[in-house]
Amino acid sequence: MLTLASKLRRDDGGKTGRATGASDSTHRVSIRDRLLTKEVAELEANLPSTCKASFPDEDKLHHFQLAVSPDEGYYQSGRFQFEIDVPEAYNMVPPKVRCLTRIWHPNITENGEICLSLLREHSIDGTGWAPTRTLKDVVWGLNSLFTDLLNFDDPLNIDAAEHHLRDKEDFRNKVQDYIKHYAR
């Protein structure tokens, strides 16, 4: 399935001798792309049952979308789309993630910003990004935002968190309304 993986294998196979330095620079593959080839294969083998990754361009593993369809909790029956961009400096910096689906959630703003500690480049508490983390950690973290990482105590969307504190049933109704209009 992965065109880039085939390309990397082909490029590695042709490195027996270097006649000229000119062709070397045109066939150079970044460290990010080498890491992503391995990580995407691992991700596809270990994807949560509620998630589906799609790669609009199979030659660009650094840009993909993730669909999360929670099977429990407030967000059950919704389908939430995320866009994931992996910067060239990966794995020293985290991927950039944005929610494309409008959602009423304490840790995701209505315009798609996400509060997930492992996506923080600099974290005081040590739970932020580290070079040992992988795309699998990011995907499992995004999936968990709809279940065990749903955090009303440290919200990014303060209005949603306060709404939950005031009236849980009305919060549930608003979540379902958002799902009906934006997450099908």
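Residues numbered from 1 in each chain as written. Predicted model: local features only at pLDDT ≥ 70, side-chain atom pairs only at ≥ 80, totals over all residues. Heavy atoms only, no water.

Visitor: Can you walk me through the environment of Val175 in this structure?
Guide: With respect to the helices and strands, Val175 occurs in helix 6 (residues 168–182). Given a relative accessible area of 1%, Val175 falls into the buried group. C-alpha of Val175 to C-alpha of Ile103: the two residues are 72 residues apart in sequence and 7.3 Å apart in space. Apart from residues no more than four positions distant in its own chain, Val175 is found in contact with Tyr74, Tyr75 and Trp104. (Helix = DSSP H or I, 4+ residues; strand = E, 2+ residues; numbered from the N terminus. Buried < 20%, exposed > 50% of the residue type's maximum accessible area, 1.4 Å probe, protein only. Contact = heavy atoms within 4.5 Å.)

Visitor: Would you explain the nonpolar core in this entry?
Guide: General note: in soluble globular proteins, nonpolar side chains tend to be found buried as a group. Ranked by internal contacts, the top residues of the largest apolar core, which has 42 residues, are Leu66, Tyr75, Phe82, Ile114 and Leu142. Setting aside chain neighbours within four positions, we find Tyr75 in contact with Pro70, Phe80, Ile103, Trp104, His105, Pro106, Phe146, Leu150, Phe171, Val175 and Ile179. (Core = buried A, V, L, I, M, F, W, Y, C linked by side-chain atoms within 4.5 Å.)

Visitor: Could you clarify how one ought to interpret the packing of aromatic side chains in this entry?
Guide: We describe a pair of aromatic rings using the distance from one ring centre to the other and the angle between the two ring planes. Counted according to the given criterion, the structure contains 12 aromatic pairs. Their ring planes at 75° and their centres at 5.6 Å tell us that Phe152 and Phe171 sit as a pair that is edge-to-face. Of this pair, Phe152 sits in the loop between helix 4 (135–144) and helix 5 (158–166) while Phe171 sits in helix 6, placing them 19 residues apart in sequence. For the residue pair Phe152 and Phe171, the accessibility class agrees, reading buried in each case. Members of the aromatic cluster, joined through ring pairs, are Tyr74, Tyr75, Phe80, Phe82, Phe146, Phe152 and Phe171. Between Lys174 and the ring centre of Trp104, over which it is positioned, the NZ or CZ distance is 3.8 Å. (Phe/Tyr/Trp six-rings, centres within 6.5 Å; stacked < 30°, edge-to-face > 60°. Lys NZ or Arg CZ within 6 Å of the ring centre and 35° of its normal.)

Visitor: Please explain the UniProt feature "active site" (unreviewed entry) in the chain as it appears in this structure.
Guide: Here, the residues flagged by UniProt with the feature "active site" (unreviewed entry) are Cys115. Note on placement: Cys115 falls in the loop between strand 4 (96–99) and helix 4. If we skip the residues at most four places from it in the chain, Cys115 touches Asn107, Arg120, Leu145, Asp154 and Leu156. (UniProt positions renumbered as here; feature names shortened; annotations may be inferred.)

Visitor: How should I be thinking about the layout of surface pockets in this particular structure?
Guide: Empty space among the atoms becomes apparent when a probe as large as a water molecule is rolled across them. By volume, the second largest pocket is sized at about 180 Å³. As for the second largest pocket, its lining consists of Asn107, Cys115, Leu116, Ser117, Arg120, Leu145, Leu149, Asn151 and Asp154. Looking at the lining of the second largest pocket, its residues break down into four nonpolar, three polar and two charged. (1 Å grid on protein atoms, 1.4 Å probe; cavity = no way out; pocket = protein on both sides within 12 Å on 5 of 7 lines; lining within 4 Å. Points joined across faces, edges and corners; volume = space filled by probe spheres on them. Nonpolar A, V, L, I, M, F, W, Y, C, P; charged D, E, K, R; others polar.)

Visitor: Please clarify how helix 4 should be interpreted in this entry.
Guide: In an α-helix, one turn spans 3.6 residues; hence positions three or four apart end up facing the same way. For helix 4, the buried fraction is high: seven of the 10 residues fall into the buried class. Taken as a whole, helix 4 has its buried residues at Leu135, Val138, Val139, Gly141, Leu142, Asn143 and Ser144. Buried positions along helix 4 lie against helix 3 (31–45), strand 1 (51–54), strand 2 (63–68), strand 3 (80–85) and strand 4.

Visitor: I keep staring at the environment of Glu72 and nothing clicks. Help me out?
Guide: Mapped onto the elements, Glu72 comes out in the loop between strand 2 and strand 3. Residue class for Glu72 comes out partly exposed when judged on its relative accessible area of 47%. Note: C-alpha distance between Glu72 and Phe146 (74 residues apart in sequence) is 8.2 Å. Apart from the residues lying within four places of it in its own chain, the contact partners of Glu72 are Phe146 and Thr147.

Visitor: Looking at this model, I keep getting lost on the sheet that holds strand 1. Mind explaining?
Guide: The strands making up a sheet associate through backbone hydrogen bonding, with each pair oriented either parallel or antiparallel. The four strands lie next to each other as 1-2-3-4, forming an open sheet whose pairing is antiparallel. Only two strands of the sheet have a single neighbouring strand rather than two, namely strand 1 and strand 4. Neighbouring strand axes in the sheet, compared pairwise and without regard to direction, differ in orientation by 20° on average. In this structure, strand 1 lies alongside strand 2, joined through four bridges in antiparallel fashion. Of the residues in strand 2, the one forming a bridge with Ala53 is Leu66. (Pairing = 2+ DSSP bridges. Axes fitted to C-alpha atoms, helices over the stretch in contact; angles between N-to-C directions.)

Visitor: What is the right way to look at the packing of helix 3 against helix 4 in this model?
Guide: How two helices pack is summed up by the angle between their axes together with the distance between the axes. Axis separation between helix 3 and helix 4 bottoms out at 9 Å; the angle between their running directions is 40°. One way to sum up the angle between helix 3 and helix 4 is to call them oblique. Along the contact surface, helix 3 presents Leu36, Glu39, Val40, Glu42 and Leu43, while helix 4 presents Leu135, Lys136 and Val139. The class makeup of the residues in the contact of helix 3 with helix 4 is five nonpolar, no polar and three charged. (Parallel < 35°, antiparallel > 145°, perpendicular 65-115°, else oblique.)

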